[in-house]
Amino acid sequence: LFDGIYPFYLQQRKAFVFDVSTIIVIVVFLTFACSFLLIIPGIRGRSRLYWTFRVLLSLFVGTVIVTVQFTGDWETGWVKANTSYKSFSRALVNADIGLHVGLAGVNVTLVGNPVNQINETINYNEHFAWSFGADYDHSYSEGLERGLPRQRPCSVHRQYRISGHYASATLWVAFCTWLISNILFSMPVLVYGGYMLLVTGAFMIFSLLSFSTVRNSPMCPIQFGTAILRTAYGGSFWLTLAIGLLCFVAGTAVVALHYFDSDLLKTFFDLHEDKAEEHQEMTEVHVNPHFVNKGL
């Protein structure tokens, strides 16, 4: 105790949307994109435009699939409220309180409005990880020792954890199918790449359905005085949905072109043979006089 008040202990901070893992993933994919842009001038004709569109679009899809694994805005909520700041103290602060749920954990933020109140800087961000290998129960127990509220009967963090695990696993499967689709698109039979792109979109949609199952649990109102914190799907959820639908559209287009206009599909993937070269006639013939004299 310090003057009858429980102090706030030091803790690791984490941004509720971006963290080190997210930045690393983005940098890696940007490196691939920049490397491709360096070699694109060596491709001639319209193939240069086709290659640029295919590679950058594919890299963008792969970047989103991996990045949303580490973001913290699959479900978010904000509320402005007057709330107590310290244990055993009647001091109230006006603050913006945020809840940010991701596949790897949950963030709770407290930002003063203004930041400086009661002679302190009120800007806190606490993260609880529940990804595979993380000990959520231990980190939550440490939080209770720091003075966090105790667990309520209708806590939904367990459902968030289970839903997040299934959604994360499904997204990793989508990433594997995305890799396979890129390999198949480099082969002559392009329709299999289109099928695998449809599978990628399907697994991305399955991940959204897995995460949405948390809505089936009874949700307790998170109330601060008269203000209630309500959550809604965040940017990562809608971005995953958009990319999943994009994979469906692209896969359907590839399959449709395979059956209705395969020449256009091969041209777009730079696999179309030049008919002029295929039917090119020899302009000069060399004959061995020895065989001509013998009538052969």
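These figures come from a predicted structure and were not determined experimentally. (Residues numbered from 1 in each chain as written. Predicted model: local features only at pLDDT ≥ 70, side-chain atom pairs only at ≥ 80, totals over all residues. Heavy atoms only, no water.)

(A) Focus on helix α6 (residues 235–260). For α6, spanning 26 residues, the distance from its first C-alpha to its last is 37 Å, which sits close to the expected 38 Å at 1.5 Å a residue. Within the sequence span of α6, burial applies to S236, F237, T240, I243, G244, C247, G251, V254 and V255. Tucked inside the fold, the buried residues of α6 contact α2 (47–67), α4 (157–184), α5 (191–212), β7 (232–233) and α7 (262–268). (Helix = DSSP H or I, 4+ residues; strand = E, 2+ residues; numbered from the N terminus. Expected span 1.5 Å × (residues − 1). Buried < 20%, exposed > 50% of the residue type's maximum accessible area, 1.4 Å probe, protein only. Contact = heavy atoms within 4.5 Å.)

(B) Focus on the nonpolar core. Grouped together as the largest cluster of nonpolar side chains are 49 residues, with contacts concentrated most on F29, W74, V101, M204 and F211. Residues contacting F29, with those up to four places away along its chain left out, are L59, G62, T63, V66, F175 and W178. (Core = buried A, V, L, I, M, F, W, Y, C linked by side-chain atoms within 4.5 Å.)

(C) Broad picture of the packing of aromatic side chains. Tallying each qualifying case throughout the model produces 11 aromatic pairs. Measuring from centroid to centroid gives 6.4 Å for F29 and W178, while their planes differ by 55°, and the two rings are tilted. One end of the pair, F29, is in helix α1 (residues 20–39); the other, W178, is in helix α4, and 149 residues separate them in sequence. Residue W178 is classed as buried on the basis of its relative accessible area, which comes to 7%. Look at W172 and F175: their rings are 6.0 Å apart centre to centre, the planes differ by 90°, and that puts the pair in the edge-to-face class. In this pair, W172 and F175 both sit in helix α4, 3 residues apart, roughly one turn of the helix. Since its relative accessible area comes to 37%, W172 is described here as partly exposed. Linked through ring pairs, W74, Y160, F211, Y233, F237 and W238 together constitute an aromatic cluster. The side chain of R54 reaches across the aromatic face of W51, ending 4.4 Å from its centre. (Phe/Tyr/Trp six-rings, centres within 6.5 Å; stacked < 30°, edge-to-face > 60°. Lys NZ or Arg CZ within 6 Å of the ring centre and 35° of its normal.)

(D) Representation of the UniProt feature "transmembrane region" (unreviewed entry) in the protein chain in the model. Sequence positions flagged by UniProt for "transmembrane region" (unreviewed entry) are, in local numbering, residues 20–39, 51–71, 91–111, 166–185, 191–214 and 235–260. Structurally, residues 20–39 is divided into 100% helix and 0% strand, and its ends, taken at the C-alpha atoms, are 29 Å apart. As a span, residues 51–71 carries 81% helix and 0% strand, and end to end its C-alpha atoms are 30 Å apart. (UniProt positions renumbered as here; feature names shortened; annotations may be inferred.)

(E) Focus on the packing of α1 against α2. Across the interface, α1 lies against α2 with an axial gap of 10 Å and an inter-helix angle of 170°. The angle between α1 and α2 places the two elements in the roughly antiparallel class. Judged by residue contacts, T22, V25, I26, F29, F32, A33 and F36 of α1 engage W51, T52, V55, L56, L59, G62, T63, V66 and T67 from α2. (Axes fitted to C-alpha atoms, helices over the stretch in contact; angles between N-to-C directions. Parallel < 35°, antiparallel > 145°, perpendicular 65-115°, else oblique.)

(F) Examining the environment of V214 more closely. Summarising the element assignment, V214 is placed in the loop between α5 and β5 (222–224). Distance from V214 to Q159, taken between C-alpha atoms, is 5.7 Å for residues 55 residues apart in sequence.

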